[in-house]
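Inside the fold
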Amino acid sequence: MTFKDKTVMITGSRRGIGLGLALAFAKEGANVVLNATSDIDQSVLDKFSDYSGQVMTFIGDISNFSLAEEMVKEVKERFGQIDILINNAGITRDGLLMRMSEKDFDDVINVNLKGCFNMTRFVVPVMLKQRFGTIINMTSIVGITGNPGQSNYAASKAGLIGFTKSVAKEVAPRGVTVNAVAPGFIETDMTDALPEKVKEEWLKMIPLKKLGQVQDIAQTCLFLASSSYITGQVIEVNGGLHT
């Protein structure tokens, strides 16, 4: 499937997986909307110069309900339609439950789960009217298996799975699909900064004996965005870490 002239919104796309997704869709001819909470460097925007689609940026925190509404409105006004929404924005505030502050719990839930609700809440009416569209929510293996020291993060990502399955059933009659992608350990600039000992321990747990690449997530999202008959699913991309 070609994505030429399609419009793809990706939250949390200044770097890492989000930026990798934006570049993958741009390579296929799509217009991409980048989102971040701080300014996106020109060096990042320059990465899109070889592609035919347009690039739009929207700076703001998608956990803000009104800001999410404004973002969707501006994208719809500029491009006329919204074909794909990828809810990728996420944060961590790790710590053991007995030491976790209320703010650390609330911040993670607000960005990771409520932010997804906010964006989906305003994109869905657009897609229902179009009678087509794809929503992809970025969950995590941690939302399936749990992880000590990440009860807030795991709760937010597990919540995304239930949210995905419920919304998928609501919007399916109008031809809109909703799925989730659950990455395992993916090599990004954030994981690059981790001690080698930590990465070695990860590799021991992964049957394929290697970290995933951003491209692995991008290929999965391109596949889901190409299908009109897959909905309500959670696709795990983890090298066999969880089966």
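Residues numbered from 1 in each chain as written. Predicted model: local features only at pLDDT ≥ 70, side-chain atom pairs only at ≥ 80, totals over all residues. Heavy atoms only, no water.

In the annotation of an unreviewed UniProt entry, the chain is listed under the name 3-oxoacyl-[acyl-carrier-protein] reductase and assigned to Granulicatella seriolae. Taken directly from UniProt, the Catalytic activity (unreviewed entry) text for the chain runs: "a (3R)-hydroxyacyl-[ACP] + NADP(+) = a 3-oxoacyl-[ACP] + NADPH + H(+)". (UniProt positions renumbered as here; feature names shortened; annotations may be inferred.)

Observations concerning the pairing of strand S5 (residues 133–138)
For S5, a buried count of six out of six residues is recorded, marking the element as mostly surrounded by other parts of the structure. Burial of S5 is two-sided: the residues Gly 133, Ile 135 and Asn 137 facing one way and the residues Thr 134, Ile 136 and Met 138 facing the other way are all buried. Two strands pair when backbone bridges link them, and strand S4 (residues 84–87) and S5 are joined in this way by four bridges, in the parallel orientation. Along S5, the bridge assignment pairs Leu 85 with Ile 135. This β-α-β element, S4 to helix H4 (residues 102–130) to S5, shows right-handed connectivity. Bridge count for S5 against strand S6 (residues 176–183) is six bridges, and the pairing is parallel. Each bridged residue has a counterpart across the sheet, and for Ile 136 the counterpart in S6 is Asn 179. (Buried < 20%, exposed > 50% of the residue type's maximum accessible area, 1.4 Å probe, protein only. Helix = DSSP H or I, 4+ residues; strand = E, 2+ residues; numbered from the N terminus. Pairing = 2+ DSSP bridges. Right-handed = clockwise from strand over helix to strand, strands pointing away.)

A closer look at the pattern of salt bridges
Once the charged atoms of two side chains with opposite charge are near each other, the side chains can pair. Applying the stated criterion across every chain yields a total of three salt bridges. A salt bridge links Lys 103 to Asp 107, with the shortest nitrogen-to-oxygen separation between them at 2.6 Å. Of the two residues, Lys 103 and Asp 107 both sit in helix H4, four residues apart, roughly one turn of that helix. Across the salt bridge formed by Lys 204 and Glu 201, the nearest N and O atoms sit 3.1 Å from each other. Highlighted residues: Lys 204 and Glu 201, both in helix H8 (residues 196–205), separated by three residues, approximately one helical turn. Residue classification places Lys 204 among the exposed positions, given a relative accessible area of 58%. (Salt bridge = Lys/Arg side-chain N within 4 Å of Asp/Glu carboxyl O.)

A look at H4
Compared with the 42 Å implied by 1.5 Å per residue over 29 residues, the 40 Å span of H4 between its first and last C-alpha is a close match. At Lys 114, H4 shows its maximal bend, which comes to roughly 40°. Looking one or two residues past H4, Arg 131 carries a phi angle of roughly 70°, positive in sign. (Expected span 1.5 Å × (residues − 1). Bend = angle between axes of the 7 residues up to and from the residue.)

What about unusual backbone geometry?
Excluding glycine, residues mostly have negative phi values, and the peptide bonds linking residues are mostly trans. Here the phi dihedral of Arg 131 falls at roughly 70°; this positive angle occurs in a residue that is not glycine. By the element assignment, Arg 131 lies in the loop between H4 and S5. At Lys 209, a residue that is not glycine, the phi angle is positive and equals roughly 60°. With respect to the element layout, Lys 209 can be found in the loop between H8 and strand S8 (212–213).

What about the sheet that holds strand S3 (residues 55–59)?
Read across the open sheet, the seven strands follow the order S3-S2-S1-S4-S5-S6-S9; overall the sheet is parallel. Every interior strand has two partners, whereas the edge strands, S3 and strand S9 (234–237), have only one. Each adjacent strand pair in this sheet contributes to an overall mean axis angle of 20°, direction not counted. Sheet topology note: the S6/S9 ladder contains four bridges and is parallel. Note on S9: the bridge partner recorded for Ala 180 is Val 234. Sitting on the sheet, H4 touches strand S1 (7–10), S4, S5 and S6, and the angle it makes with S4 is about 170°. Docked against the sheet, helix H9 (residues 214–226) engages S4, S5, S6 and S9, running at close to 150° with respect to S5. (Axes fitted to C-alpha atoms, helices over the stretch in contact; angles between N-to-C directions. Contact = heavy atoms within 4.5 Å.)

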